[in-house]
Amino acid sequence: MNFKILAFIILIINISRSNPIYIWGNITDEDGNRIENVNIYSINQSIGTYSNSEGKFQLNVEHDSIYEIHFSHIGYELRKIYIEIKNESINTGDISLKRKNIRNEEILVSISTANSISIKDSPVLTHVITNNDIKNSSSTNVMELLETNMPNIQSLLDPHGTFKIKIQGFDNKNITFMQDGFKISGETYGNIDFSLFNIDNIEQIEVVRGGMSTLYGSGAIGGIVNIKSKSNKNGLSFKFNNSYESLINKNKINFTSPILNSNSINFGIKNNYISNNLNVNYSYSNGYDLTPPNQNLSGKIDKTLDENYSFLVDNKLKYFLKENIEISAHLKWYKKKIFRYEKLSPAYIIIDNIPEDSLVVERKKNPEYQDRVYSINFNYKINDKSNFFISYSNETYLKGYRFPYYEGDYPIQINEKIINAIIPNYRSLNVIYNFFINQHELSIGNELKFESTESNVIYDRDSTDILVTSIFNVNDRKNTKNHSIFIIDRFKINENLNLDIGLRYNKNKNREIFLPSISIKNNYHKYIFRLNFSHNYRLPSVTELYYDFPGHSPPIYGNSNLMPQLSNNYSFSVEHKELNNSSIELYLNNNYNMIGYDYKSECECYQTDNYKEVTLYGINLNNSGIIKTLNSKVINYKTILSYTDSESIYNSPTEGISKYSMKTFFSFNINKIIKINYSLKYLSDKIIFETQLEDHFISDLVFNYNLNKNINLKFGIKNIFNYKDSRAIDEESDLLTTYDPGRRFLLNINYTK
């Protein structure tokens, strides 16, 4: 009996002791605002967690002990506390973290090497748009975000009516865009489609200006832009975001005709075995026009930005098979519809009994785009010093047309049909092995790329009249393939000196190209010196090789004899260790066989050709820090100055680019819940098609208001002083120094649970 009583007592003690014991509390800043994603870990035990969107945390502990708990977050000083556990949970209450200026070593980047490293250890000068920059910005899309936050990046409108950006004089074709380290190929006439990226789902953007072909292959002549998506924390998460932007006319907000109305929903889940992030976005724009309305009784109604909507579904799944094996898959589906209108002749009032107020109808042909992406990745951590990575990706970007009256009767009966005219497909297989040997971090990679483009003639429903001509003049599919291998060695000579060397070998159409690179990084007192050289290339695209479009005005032809574009990139930079984003950079980029469209007088047509030598050069200055006011408040500031120029017999490298640009940002906390952000952008005059365009200033004012622990409001005025190029009205010109639509109201609502 005594034994049974003793066993019962032991059982009760064990049951009571098995109840979970944890340390829990809230984390705030000095003003009482809750802080999300704080890293909480025990220095003497292998346990850790993160604070949630409400600043709350719960750290499970296993046994009685004295725990040294660390609280760390970018932009805040590390805090340590000691807690003694004696068979019961402990509530720490509010843990307050003290703000500090963000130091470069706290920001991790993956763009300049095969693995994530501290930005201060990056062999090339890397600029980062952080999540905090995005929150404080007035930008509502990725293109705006890049242009307003990065030195020497400018946007312009191309002849096809699509927006593109240039980095240090290089357009989209010479820049590699990536999402989470994987290349994005979706484009329109060579211009990346920025609607593919949902700004509400971006954690940070990494930008390297200059050649990176040794690591990233063809197309990385002008730079790299890597857009990193937000990652899941443990448990379940839900986020909703709405961005609204509308013009202000005569001090009244035009709520009925938004320039942007974007809604995003994000669902996340993560545990020890699986992580899934689903992001859905719907965006609508009524468009806008900077030129005077068409006064003709009938004809096309042209806009600077056409009415459009886009729908995006983006899902990322990770499966943690073991501690050292990770399998991930990415699925993306995107669709964009553009609406273009025309005004019918008043004769239709009599002919088809169309009411006078219904004479504006959709055109017979409207563009429509779709992007379909799937990829699968396998990452095997062999040991602490080596890992093996393999990935396969497939992207199809459909360029089609929506014919509202294809099965109906123009203009009174709508029965639409969507037909794809151009179907480019991009496939790639990458294998990378990373390993350490003493002070050498090495990466060996193999890359296979396949590009194909199909183009078809589109006929009317009776197959008699051609509605759209194939870019190859007939129904056809053209293909290219490319194979390359590379090796990168990051050699840490000592604590202050790093030497990075690399070599890529590429074979394409019996042409062999060797692409070396070398980077030297030296830490000296409070400064980081970087010296870089790289030999880079871009292979001709399928359309540049095989374009056969006599129906275009003027005709456009490809050139199957095009040579790969080559460049030698040189850069030197000095960066201050203790001041985030404070640096000076000088660069020179010599380009040979630059690919472009050249006008041929003998055929009165355009044909792709290799230009002779084109040299681009410039300087970038970056400075950021804090200003303390008389009442000990802190104003954060950032200033960017850039100069860009070229030496060439051609105008295209710097066409549409301002030689001088300045961007300045100020951020100030009014109180615990309200922050004010002001930005100013200056661009000097520039030339487009031999037309001189004026310089200009544009400034934005935005307020951040934390309504409660779950809801944040951002509102303000973009283009405060309503600057618009007067040429649009006075000369009715489409060549403008900026395509900014003028003063407008911005509202952003963010809910996180």
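Residues numbered from 1 in each chain as written. Predicted model: local features only at pLDDT ≥ 70, side-chain atom pairs only at ≥ 80, totals over all residues. Heavy atoms only, no water.

Colleague: An account of the side chain of Ser428 is needed here, citing residue identities and associated values.
Modeller: Tracing the chain through its elements places Ser428 in strand E30 (residues 417-437). Of the residues examined, Ser428 reaches a relative accessible area of 14% and is grouped as buried. Side-chain polar atoms of Ser428 contact the side chain of Ser393, separated by 2.8 Å. Apart from residues lying up to four places away in sequence, Ser428 is in contact with Ser391, Tyr392, Ser393, Leu448 and Lys449. (Helix = DSSP H or I, 4+ residues; strand = E, 2+ residues; numbered from the N terminus. Buried < 20%, exposed > 50% of the residue type's maximum accessible area, 1.4 Å probe, protein only. Polar contact = N/O pair within 3.5 Å; in protein donor to acceptor, adjacent residues only side chain to side chain. Contact = heavy atoms within 4.5 Å.)

Colleague: Can you tell me about the packing of aromatic side chains, naming the residues and giving the values?
Modeller: Evaluation of the coordinates by the stated rule reveals 24 aromatic pairs. Note on Phe403 and Tyr406: the rings are 5.8 Å apart at their centroids and 50° apart in plane angle, and the pair reads as tilted. By way of ring pairs, the aromatic residues Phe238, Phe267 and Tyr751 are connected into one cluster. Over the ring of Tyr401 we find Lys365, and its NZ or CZ is 5.1 Å from the ring centre. (Phe/Tyr/Trp six-rings, centres within 6.5 Å; stacked < 30°, edge-to-face > 60°. Lys NZ or Arg CZ within 6 Å of the ring centre and 35° of its normal.)

Colleague: Can you break down the pattern of salt bridges residue by residue, with the values?
Modeller: One pass over the structure, following the stated rule, counts 30 salt bridges. Between Lys335 and Glu368 there is a salt bridge, with its nearest N and O atoms 3.6 Å apart. Remark: Glu368 occurs in strand E28 (residues 366-383) and Lys335 occurs in strand E25 (residues 325-339); sequence separation between them is 33 residues. Taking the relative accessible area as the measure of exposure, Lys335 reaches 18% and is therefore buried. Residue Glu368 is classed as buried on the basis of its relative accessible area, which comes to 2%. For the salt bridge of Glu447 with Arg504, the shortest nitrogen-to-oxygen distance reads 3.2 Å. Taken together, the residues span a long stretch of sequence, with Glu447 in strand E31 (residues 440-455) and Arg504 in strand E35 (residues 497-508) at a distance of 57 residues. In this pair, the class of Glu447 matches that of Arg504, namely buried. A single salt-bridge network, built from bridges that share partners, covers Lys335, Lys337, Glu362, Glu368, Arg402 and Glu416. (Salt bridge = Lys/Arg side-chain N within 4 Å of Asp/Glu carboxyl O.)

Colleague: Can you tell me about the sheet that holds strand E5 (residues 65-72), naming the residues and giving the values?
Modeller: Here we have 4 strands laid out as an open sheet, ordered E3-E2-E5-E6, and antiparallel in their pairing. Two strands close off the open sheet at either side, each with one partner strand: strand E3 (48-50) and strand E6 (79-85). Averaged over neighbouring strand pairs, the angle between their axes works out to 20° when direction is ignored. Pairing between strand E2 (residues 39-42) and E5: 4 bridges, direction antiparallel. The partner of Asn39 across the bridge, within E5, is Ser72. (Pairing = 2+ DSSP bridges. Axes fitted to C-alpha atoms, helices over the stretch in contact; angles between N-to-C directions.)

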